[in-house]
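# Fold and geometry: a report
Listed below, chain by chain, are the residues.
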Amino acid sequence: MNILHAITLAALLHHAPAAPKVTCHTGTVSYRFVGTPGATFTYAGASYSVPASGWIELLSDEKVYLAANGRTLPLDVWPIDAFGTRTVPVQPPAIASDSITPNTINN
C-alpha cells in the first residue's frame, strides 16, 4: 500500500465532527423602559426609577408584566427590534387633576 492509498483510506474512515448548529434567540432579550426622569415602575418584583437619561434597560426576566401607576401591564405587546429589545414607555404618575371627570353636557 502506498502513501496515497493510506491517505485516501484515512480520509474515508475519519469522519469530521458535525459543525455546531447556530441558533438565534427569537424571544425578548431585554426591555428598554423610556419615560420622564423620576417615573417609577416595578419589574420582576423590584422597583426602578427612570434615571436622568430618560431610559433604563433591563435584561429580560421570565416575568412579562410591568407594574406602574397601580396597574399591571403586559410587556409583549411592544415592538421588538432586531436585537431582541422591546422599548416600553413608562408614564409618570397621574396627577390628581388628571382623574377628575371633565364637565360635559352629559353630567
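Please refer to the structure placed before this passage.
Presented here is an overview of the structure given in this document. (Residues numbered from 1 in each chain as written. Predicted model: local features only at pLDDT ≥ 70, side-chain atom pairs only at ≥ 80, totals over all residues. Heavy atoms only, no water.)

## Description of the packing of aromatic side chains
Applied cut-off: Stacked, tilted and edge-to-face pairs are distinguished by plane angle, under 30 degrees for stacked and over 60 for edge-to-face with tilted covering the rest, among Phe, Tyr and Trp rings (Trp via its six-membered ring) whose centres lie within 6.5 Å. The buried label applies to any residue whose accessible area, calculated with a 1.4 Å probe on protein chains only, is under 20% of its type's maximum; exposed applies above 50%, and partly exposed to all values in between.
Following the criterion strictly, the structure yields five aromatic pairs and no others. Plain terms: the ring middles of Y31 and F33 are 6.1 Å apart, the flat faces sit at 35° to each other, and that makes the pair tilted. Judged on exposure class, the residue Y31 and its partner F33 are both buried. With a centroid separation of 5.6 Å and an interplanar angle of 25°, the aromatic rings of F41 and Y48 are classed as stacked.

## Observations concerning the sheet that holds strand β5 (residues 65-68)
Put simply, the rule reads: DSSP calls a pair of strands paired once it identifies at least 2 bridges connecting them. Only DSSP runs of H or I reaching four residues or more are called helices, and only runs of E reaching two or more are called strands; each is numbered from the N terminus. Axis lines are fitted through C-alpha atoms, for helices just across the contact stretch, and the angle between N-to-C directions can take any value from 0 to 180 degrees.
Pairing is antiparallel in the open sheet, where four strands are placed in the order β3-β2-β5-β6. The open sheet terminates on both sides in strands that have one partner only, identified here as β3 (46-49) and β6 (71-74). Here the average twist between neighbouring strands, direction ignored, is 30°. Judged from the four bridges that link them, strand β2 (residues 40-43) and β3 form a sheet pairing that is antiparallel.

## So, the pattern of salt bridges
Put simply, the test is: Salt bridges are defined by distance alone: a side-chain nitrogen of Lys or Arg within 4 Å of a carboxyl oxygen of Asp or Glu.
Evaluated as defined, the whole model comprises one salt bridge. Two residues, R32 and E57, come together in a salt bridge whose shortest N-O distance is 3.7 Å. Of this pair, R32 sits in strand β1 (residues 30-35) while E57 sits in strand β4 (residues 55-59); the two residues are 25 residues apart in sequence, bridging distant segments of the chain. R32 sits in the partly exposed class, given a relative accessible area of 28%. Take E57: its relative accessible area is 36%, and that puts it in the partly exposed class.

## Thoughts on the sheet that holds strand β7 (residues 85-90)
With mixed pairing, three strands are arranged side by side in an open sheet as β4-β1-β7. Strands with a single pairing partner mark the edges of an open sheet, and in this sheet they are β4 and β7. Neighbouring strand axes in the sheet, compared pairwise and without regard to direction, differ in orientation by 25° on average. Pairing geometry for β1 and β4, over five bridges, is antiparallel. Within β4, the position partnered with R32 by the bridge is E57.

Take it as geometry only, folks, not as evidence of what the structure does.
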